Amino acid sequence: MGTLILFNLFNGLILGAFYVLAALGLSMILNLTNVINFAHGNFIALGGYLAFVLIPFVGFWPALVLAPLLTAVIGFVIEKTMIYRIYGRDPIYSLLLTFGLAFMIEDACRYIWGVNGLPLTTPASLSTPLSSEFFFVNAYRLFIVGIVFVAVAGLFAFLRFTRMGMRIRAGIFDLETVSALGINVKLLRSLNFAFGIFLAGLAGVLAGGQIGLNPNMGDTLLLPSFVAIIVGGMGSLVGTLLGGLLIGVAAAITSVFYAPASDVVIYVIMAIVLLVRPRGLLGEEGMQ
Amino acid sequence: MSMLEARNVSKHFGSLVAVREVSLTVAKGELRAIIGPNGAGKTTFFNLITGFFPPTAGEILFDGEPVARLTAAERVKRGMGRTFQITEVFPQLTVHENVRIAAEAAAGYGLRLWLGSAASKIVAGTVEEMIEVTGLTAKTERVVGELAHGDQRAAEIAMALALRPRLLLLDEPTAGMGEQETYEITGLIRRLHRDKSYTIILVEHDMRVVFHLADRISVLEQGALLADGTPAEIAADPAVQAAYLGKAA
Amino acid sequence: MSALTRRTALPLPRELRWLRLAAVWVVLIAAPLWMPLVGGYTDLAARIVVFGLAAMSLNFLMGFTGQVSFGHAAYFGLGVYGAGFVLLYFTHSTPLALIAGILLGGVSGAIIGALISRQRGIYFALVTIAFQEVFYYIAYKWDSVTGGYDGLRGFQRAPIHFGLFTLDIQRNDILFYYFVLSVFAIVAGAMGLILRSPLGRTFLALRENERRARFLGVPADRYIWLSFTISAFCIAAAGALNALLNNFSDPSSLDVTISGELVVMAVLGGIHSFWGPLLGAAVFVVVQNYLSGITINWLFFVGLIFVVVVMFFPRGLLGVFRQRRAA
């Protein structure tokens, strides 16, 4: 029983890591610009596919950085040409726009890379289990947790210690004042968006190595990302982090005791949070 | 029995103390002006009275009843009507529709699917009366969002009046207005006070308006009550002069 | 209806309003006559009316109360399943199927609405999406009851017996169209009546300026819940009709794609207009029908429609028309 729980706890950690990575990108974009990026799941898939294209040329490790970067560039361009138009408008428009983009990107991936799944080759060094007792802890899965940890730590360090990061944090709080201080808010938003997409692309590469690539792969991460944000608290990145970990672990633990409920438990948690503390665990009051 | 009594009311935003143990009493039928330099906490105090947010400490008594724990909507039902510094109206609807919604809400018809002819007449009567009092009869079918600033303010006052409030709270009613508009709004408030006996609390920056209208003046500075008295007393108070009335009225 | 739906444009004079209402109904009633002439067919007309009703129901909340829901397909889909359950498992009765669908969707909407009525803006939209996906997931996974991916199949809409005569909506497509139109008339009529009432004006107040509404004594959360619930009941009716139209119930009716399509229809037609969403539905259904016939990548083009609407038609087709009139 002990090993079983440990096994599932570890799985929960991995799952939570993915949720966190996907949700943080989504959260960054939502917090600064009030846009729900419906296409986030598709950027995740795009990241994985771009890694697929790059790996034969540059190998896995460079691709791990280049693919998300390339995805971020695409995101940057999309933000500069399309998304900027709907800032400040009614939320309907951002939803519709990113929704439409989601369709377009998904179908484009389908068209370019086909409907069937594709494998993403990871270095052999990462696939070996570390010990026979803890067979489930293979290096790749540890690697995922490690990379996510590095990415998240990097993100928070960036926000805390760099000038750009401070501007983004200030912008989340009060974009109008930031603009009045003479800071180029357009660029800020574009870069922030690109950052969020970078995280999405990274999630795609990691997920691709774990479960393979297909045009819908981002969908399974998109909704839990929403839940992570709702549970963790709207407007709070730390909240999103906690929310993602919480629901990942909750889903995994539940699968030990009552397997069919493990998919539903995250929504139960969401419903409870909405009832008891509508702003989320770490949400700002009045964010609603 | 006073209309409104604030007892040691405070509001903290984290470590920022916006309102610091303010106590004051407004009698029925009185017109009280609240003045003070920018950042003195006037609008925050207003927000506390009207229920925009709850006080951190202290008690608020409206006609003897404690209301500090009630929501804004509940306080409106008890008889408070309020206007805002930045006019809050229904911009895409006409003046008539704006005031009608207020009248229907006040009469408790907000949930109704249909009004009988008696109820309809009462509502229509209230609407017509309030539009007339605020001088908007000629503009009753105009879309509020398209009206001049002063008329929008008047429409907002008409909406507040349609609630038939016992206490009217006006937050900087002359803000952003030219001479003529200020004159008209001041006249309106004066009529409401003298002819209709409304109890009014006014936040104002324009000293001519304040001294023209107020029965009593309360001065706030840095969240605390600095002075409280008749216009003559306030004008003569050296502390007030030092803090605020640098220029003569 | 027009008095409540103006933008900052000139109001339509009374006579023109009646003319417009009459025109809409003439077009709808005569559809089986003119549809074949433009290459359409009665089935398509029924589909337009069903989705038009769905879009109008969504717009009751969106355009007239000011809250964006991107998860309304949930209550539409529950209407589809409610009707399907009755026809497949209980009895061959169309009225019962309709009622079951309306109740299932409406009551669910009431419950979910209560959970989310404290949210606003983009966060409100977010939670509507989350809950909709929950229902989709249930329909997909609980296959013993819902038939899983394939859904409920093997039933047909039942002829309606009125004692002395029978409406064979099962075999007669044109008769079915008029049945759909009748239900549409009742539900849309109810919505229209509500919007003209004091209650409707309160919803409008919430759309225009929630803060002002609260400071007029309106308990905003409660009213938003009410609007959400009413729109859920209405959209469930559309869903039930959809089940009758298709003769099956499947998870695709609960897909977030449908939610998005309904929003696009409303925006395309004009969210501040009562009939706008019907127009939007007509355009969208026809275009989608055409696209899926000529290309396998029609999803891409549907997405493109969304993007184009947002970038170039934010006020909807009717909105463009209104701007010109005011100028």
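A. View of helix α6 (residues 163–173) of chain A. Residues and elements named next belong to chain A. Among all positions in α6, only Arg167, Ile168, Gly171 and Ile172 are buried. The buried residues of α6 all sit within an arc of 140° when viewed along its axis, so they share a single face. Looking at the buried positions of α6, the neighbouring elements they touch are α1 (2–33), α5 (139–161), α7 (175–180) and α8 (185–211).

B. Main features of the domain arrangement of chain B. Residue and element names in this part refer to chain B. On domain assignment, one finds that chain B holds domain 1 (1–79 + 167–249) and domain 2 (87–164). Spacing between the C-alpha centres of domain 1 and domain 2 amounts to 25 Å. The interface of domain 1 with domain 2 comprises nine residues on the first partner and nine residues on the second. In terms of residues, the side of domain 1 that touches domain 2 owes the most to one element, helix α6 (residues 179–194), which gives four residues. Residue composition of the side of domain 1 that touches domain 2, by class: six nonpolar, one polar and two charged.

C. Molecular detail of the arrangement of the chains. Here two pairs of chains make contact, and the pair sharing the most contacts is chains A and C. Taking C-alpha atoms as the reference, chain A and chain B come no closer than 11 Å and do not contact one another.

D. Representation of unusual backbone geometry. Residues and elements named next belong to chain B. Notably, Glu21 is not glycine yet its phi reads approximately 45°, a positive angle. Take Glu21: it is sitting in strand β2 (residues 16–26). Even without being a glycine, Ser197 presents a positive backbone phi close to 55°. Since 10 C-beta atoms lie within 10 Å of it, Ser197 is described here as exposed.

E. Region of the structure containing the interface of chain A and chain C. At the interface, 35 residues of chain A touch 34 residues of chain C. Ranked by residue count, the leading element in the side of chain A that touches chain C is helix α4 (residues 91–113) of chain A, at 16 residues. Each residue belonging to the side of chain A that touches chain C can be placed in one class, and the counts come to 28 nonpolar, three polar and four charged.

F. Summary view of the interface of chain C and chain B. Contacts between the two partners involve 21 residues from chain C and, on the opposite side, 29 residues from chain B. Secondary structure elements with two or more residues in the side of chain C that touches chain B: α9 (198–208) and α10 (210–214) of chain C. Class assignment of the residues belonging to the side of chain C that touches chain B gives a composition of nine nonpolar, five polar and seven charged.

G. Quick peek at α8 of chain A. All names here are of chain A. Given a rise of 1.5 Å per residue, 27 residues ought to cover 39 Å, and the 38 Å separating the end C-alpha atoms of α8 matches this to within 8%. Among the 27 residues that make up α8, 21 are buried, leaving the element largely enclosed by the rest of the structure. Of the residues trailing α8, Gly212 is marked for its positive phi of about 85°.

What counts, and at which threshold
Residues numbered from 1 in each chain as written. Chains lettered and ligands numbered in written order. Predicted model: local features only at pLDDT ≥ 70, side-chain atom pairs only at ≥ 80, totals over all residues. Buried ≥ 20, exposed ≤ 12 C-beta atoms within 10 Å, placed from the backbone. Helix = DSSP H or I, 4+ residues; strand = E, 2+ residues; numbered from the N terminus. Arc of directions from axis to C-beta. Contact = placed C-beta atoms within 7 Å. Domains from an automatic or database assignment. Nonpolar A, V, L, I, M, F, W, Y, C, P; charged D, E, K, R; others polar. Expected span 1.5 Å × (residues − 1).

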